[in-house]
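# Analysis of the macromolecular model
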Amino acid sequence: MVNRAALAQRWFWPILAFIFAIFAVALALALIVVTKQRDDLRSGTTTAAASTSNDTAKVCGATNANGNTISLAEPSSPGPFHDLTSAEIKTLRTFLENHPDIRAAKAGAATLSSSYIFMMDLFLPKKADVLNYLNGTIATDLNRSARVIMFRGDKIPAVVEEWKCGPLQNIYSCQLLSSTETSTKNPVEFSLRPITELEIGSSGLKSLLKTIDNEIGTILQESYNATFTTCSQAKDCLTLYVSPVGSQLVNDVNQR
């Protein structure tokens, strides 16, 4: 009688070797297929690159194959959400400088005691008006307006005012924002305005910091190993960040 255990042991290794041989052949075939696909892909990429190199170099404003163009020029008729254009800003500044109730100081000539522009931005139109414009209900272009924040150091007392000016297509009016157009009080106290370069770069602030160093410079040096003005390097100087404080801190909205 044939010993089954001996027979199984005799044929185990040949069968295992045969299985590994089949597995090796399969891996070799897979490697050949992958290599061929890679070569085909490289060949196609090279052909496309050569074709592209023969084309005219694309520049801003050139027409693409799909007919689109790339232009960074400002539109002559900006849409309802487009930022203020440089032409609109120049026209608006001139209008504010000549407005009898605003008399904005010219650029570079502003002082704390003058009427000067702090910022101007697009005044967003009402949603209903935009929808009517997009739906074609309004036949003409939607009027664009600007929001202008004026620091009125020329008034007594000085205040900060928020104006709506427009239409930007042909400016003829500037009105203080009403309670239905803004959620904040208008105007507001001058003491609550953000600090501007006029104050930060003024000689008065530098003089104040020098006085502080003269009076308590020793304490600052002992406490922080630095002062405001009597330091040899900028990294050794204390930095002052001037900003309005809450009116409750001093119990007077006109102080900060």
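This one's a predicted model, so the numbers in the text were calculated from it and none came from an experiment.

A few words now on the pairing of strand β2 (residues 145–152). Within β2, 7 of the 8 residues are buried, which leaves it mostly tucked inside the rest of the structure. Sheet topology places strand β1 (residues 115–123) next to β2; 8 bridges connect them, and they run antiparallel. Among the inter-strand pairings, Met120 is bridged to a residue of β2, identified as Val148. Note that β2 and strand β3 (residues 159–166) share 7 bridges and pair antiparallel. Within the sheet, the bridge partner assigned to Ala146 lies in β3 and is Cys165.

Let us look at the environment of Thr111. With respect to the helices and strands, the residue Thr111 is situated in the loop between α2 (86–98) and β1. Thr111 sits 87 residues away from Leu198 along the chain, and the two C-alpha atoms are 6.8 Å apart.

On to the state of the cysteines, then. Throughout the structure, instances matching the rule amount to 2 disulfides. With its sulfur 2.0 Å from that of its partner, Cys165 forms a disulfide with Cys174. Between Cys165 and Cys174 the disulfide shows an S-S torsion of about 115 degrees. By sign, it is right-handed. Judged by its relative accessible area of 1%, Cys165 is buried. Ordinal numbering of bonded cysteines along the protein defines a disulfide pattern of 1-2, 3-4.

Moving on, we come to unusual backbone geometry. Of note, the amide linkage connecting Ile156 to Pro157 takes the cis form, showing an omega dihedral of -5 degrees. Relative to the helices and strands, Pro157 resides in the loop between β2 and β3. Look at the link from Asn186 to Pro187: it is a cis peptide, with omega at 0 degrees. Inspection of the secondary structure puts Pro187 in the loop between β4 (173–176) and β5 (188–189). Despite not being glycine, Arg103 has its phi angle at roughly 50 degrees, a positive value. Of the residues examined, Arg103 reaches a relative accessible area of 48% and is grouped as partly exposed. Backbone geometry at Asn225 places phi at a positive 55 degrees, although glycine is not the residue there. In this structure, Asn225 sits in the loop between α5 (203–224) and α6 (247–250).

Soluble globular proteins tend to pack their nonpolar side chains together in the buried interior. Among the nonpolar cores identified, the biggest contains 16 residues, and Leu92, Leu96 and Val148 are the most heavily contacted of them. Residues in contact with Val148, not counting those within four places in the same chain, are Leu92, Leu96, Ile117, Met119, Met120, Glu161, Glu162, Trp163 and Cys165. Tyr116, Ile149, Val160 and Phe190 belong to the second-largest nonpolar core, a separate cluster that totals 5 residues.

Looking at the protein, the pLDDT average stands at 80 and 76% of residues meet or exceed 70. Across the protein, the secondary-structure element scoring lowest on mean pLDDT is α6, at 50, and the one scoring highest is β2, at 96.

What follows is about the pattern of salt bridges. Evaluation of the coordinates by the stated rule reveals 10 salt bridges. Close ionic contact of Arg147 with Glu162 constitutes a salt bridge, the shortest N to O distance being 2.7 Å. Here Arg147, found in strand β2, pairs with Glu162, found in strand β3; they are 15 residues apart in sequence, far enough to count as distant. Overall, Glu162 belongs to the buried group, its relative accessible area being 13%. Here Arg152 ties to Asp154 by a salt bridge, and the two come within 3.0 Å at their closest N and O atoms. By relative accessible area, which is 27% here, Asp154 ends up partly exposed.

Take a nonpolar patch on the surface next. Nonpolar side chains collect at one region of the surface, where Ile15, Phe18, Ile19 and Ile22 lie side by side and expose about 410 Å² of accessible area between them. Structurally, Ile19 can be placed in helix α1 (residues 4–53). Residue Ile19 is classed as partly exposed on the basis of its relative accessible area of 49%.

The rules behind each value
Residues numbered from 1 in each chain as written. Predicted model: local features only at pLDDT ≥ 70, side-chain atom pairs only at ≥ 80, totals over all residues. Heavy atoms only, no water. Buried < 20%, exposed > 50% of the residue type's maximum accessible area, 1.4 Å probe, protein only. Helix = DSSP H or I, 4+ residues; strand = E, 2+ residues; numbered from the N terminus. Pairing = 2+ DSSP bridges. Disulfide = S-S within 2.5 Å. Core = buried A, V, L, I, M, F, W, Y, C linked by side-chain atoms within 4.5 Å. Contact = heavy atoms within 4.5 Å. pLDDT = per-residue confidence, 0-100. Salt bridge = Lys/Arg side-chain N within 4 Å of Asp/Glu carboxyl O. Patch = residues over 30% accessible without salt bridge, like charges linked within 9 Å, V, L, I, M, F, W, Y side chains within 5 Å. Areas by Shrake-Rupley, 256 points an atom, 1.4 Å probe, with all protein chains shown as cover.

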